[in-house]
Amino acid sequence: MWYVIQVLSGTEEDTLEMLRKQIPEELLQKCFVFYYEGMRKYSGEWHKQKKLLFPGYIFVITDQVNSLYLALRNVRKLTRILGDKECFIPLSEAEVEFLRGFGGEEQLVGMSVGFIENDRVTITSGPLAGREGCIRKINRHKRTAKIQVEMFGQVIDATVGVEIVRKN
């Protein structure tokens, strides 16, 4: 099952390394963060960059969440596994399928391409294709889209890369 660990923003990579080194494989099948491809302009040219999709969150796959929780107590920088007061709550099957479809096995949300016509956004390729309803705002200058997704039992705002090729 997939679970989410909340960590301090900016410590995701370091915490991932600690988890991989300190937690036995039988407790932690996989741990990762999701990225998105964004564009940044420097030296007069646009360059692709990987940026965190969900800052402050690490995803883990385990079948032994209680044993994993006990092992995680020895990892510094860790805050908590998401859940309620009585148990840890795994991501729902719908959330897992969304994340797999959105970021693939590489956990990387690629750039989407689309256009705006009569104030309506149409995405022609990329992970946002068919998911235009989750777009809340597009920043054409930064080549990003703010999206809202239901994740972790709440509505989460995230930023993804999008290239708008024309606007009418």
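Going by the structure above, here's the rest.
Residues numbered from 1 in each chain as written. Predicted model: local features only at pLDDT ≥ 70, side-chain atom pairs only at ≥ 80, totals over all residues. Heavy atoms only, no water.

Okay, the overall build of the protein next. Scanning the protein for helices and strands turns up three helices and twelve strands. The dimensions of the protein, computed from C-alpha atoms along their principal axes, are 55 × 35 × 25 Å. Across the 168 residues that make up the protein, the buried fraction comes to 45%. Separation between the mean location of the 24 positive side-chain charges and that of the 22 negative ones in the protein comes to 8 Å. (Helix = DSSP H or I, 4+ residues; strand = E, 2+ residues; numbered from the N terminus. Buried < 20%, exposed > 50% of the residue type's maximum accessible area, 1.4 Å probe, protein only. Lys, Arg positive; Asp, Glu negative; His and termini not counted. Charge placed at Lys NZ, Arg CZ, Asp CG, Glu CD.)

Here we take up the sheet that holds strand β9 (residues 120–125). Spatially, five strands are ordered β9-β8-β12-β11-β10 in an open sheet, and the strand pairing comes out mixed. Across the chains shown, the open sheet's two edge strands, defined by having one partner strand only, are β9 and β10 (135–139). Pairs of neighbouring strands in the sheet enclose a mean axial angle of 40 degrees, with direction left out of account. Here helix α3 (residues 93–103) sits on the sheet and contacts β11 (144–151) and β12 (154–167); the angle it forms with β11, its principal contact strand, is near 155 degrees. (Pairing = 2+ DSSP bridges. Axes fitted to C-alpha atoms, helices over the stretch in contact; angles between N-to-C directions. Contact = heavy atoms within 4.5 Å.)

The next point concerns the side chain of Arg 143. Examined against the element boundaries, Arg 143 turns out to sit in the loop between β10 and β11. A polar atom in the side chain of Arg 143 sits 3.2 Å from the side chain of Glu 163. Those residues in contact with Arg 143 that lie beyond four places of it in its chain are Met 39, Trp 46, Met 111, Val 160, Gly 161, Val 162 and Glu 163. (Polar contact = N/O pair within 3.5 Å; in protein donor to acceptor, adjacent residues only side chain to side chain.)

Before going further, it helps to examine unusual backbone geometry. The phi angle of most residues is negative, glycine excepted, and most peptide bonds adopt the trans form. Unusually for a residue other than glycine, Asp 119 sits at a positive phi of about 60 degrees. Among the secondary structure elements, Asp 119 is positioned in the loop between β8 (112–117) and β9. Here the phi dihedral of Arg 143 falls at roughly 60 degrees; this positive angle occurs in a residue that is not glycine.

Let's shift gears to the pattern of salt bridges. Going through the model one piece at a time under the given rule, you end up with five salt bridges. Linking Glu 37 and Lys 48 is a salt bridge whose minimum nitrogen-to-oxygen distance equals 3.6 Å. Here Lys 48 lies in strand β4 (residues 45–52) and Glu 37 lies in strand β3 (residues 35–42), a separation of eleven residues in the sequence. Residue classification places Glu 37 among the buried positions, given a relative accessible area of 18%. (Salt bridge = Lys/Arg side-chain N within 4 Å of Asp/Glu carboxyl O.)

Right, let's get into the environment of Cys 134. Structurally, Cys 134 can be placed in the loop between β9 and β10. Here Cys 134 falls in the buried class, since its relative accessible area comes to 11%. Those residues in contact with Cys 134 that lie beyond four places of it in its chain are Leu 128, Lys 146, Ile 147 and Gln 148.

What follows is about the packing of aromatic side chains. Counted by the stated rule, this structure contains eight aromatic pairs. Geometrically, the ring pair formed by Phe 32 and Phe 34 is edge-to-face, given 5.6 Å between the ring centres and 75 degrees between the ring planes. Of the two residues, Phe 32 and Phe 34, neither departs from the other in class, the shared state being buried. Taken together, a centroid distance of 5.0 Å and an interplanar angle of 80 degrees make the contact between Phe 34 and Phe 59 edge-to-face. Of the two residues, Phe 34 is situated in the loop between β2 (30–32) and β3 and Phe 59 in strand β5 (residues 57–61); the sequence distance between them amounts to 25 residues. Overall, the relative accessible area of 2% leaves Phe 34 in the buried class. Ring-pair connections join several aromatic residues into one group, and the members of that group are Trp 2, Phe 32, Phe 34, Phe 54 and Phe 59. The residue whose ring lies beneath Lys 30 is Phe 32, and the NZ or CZ to ring-centre distance is 5.3 Å. (Phe/Tyr/Trp six-rings, centres within 6.5 Å; stacked < 30°, edge-to-face > 60°. Lys NZ or Arg CZ within 6 Å of the ring centre and 35° of its normal.)

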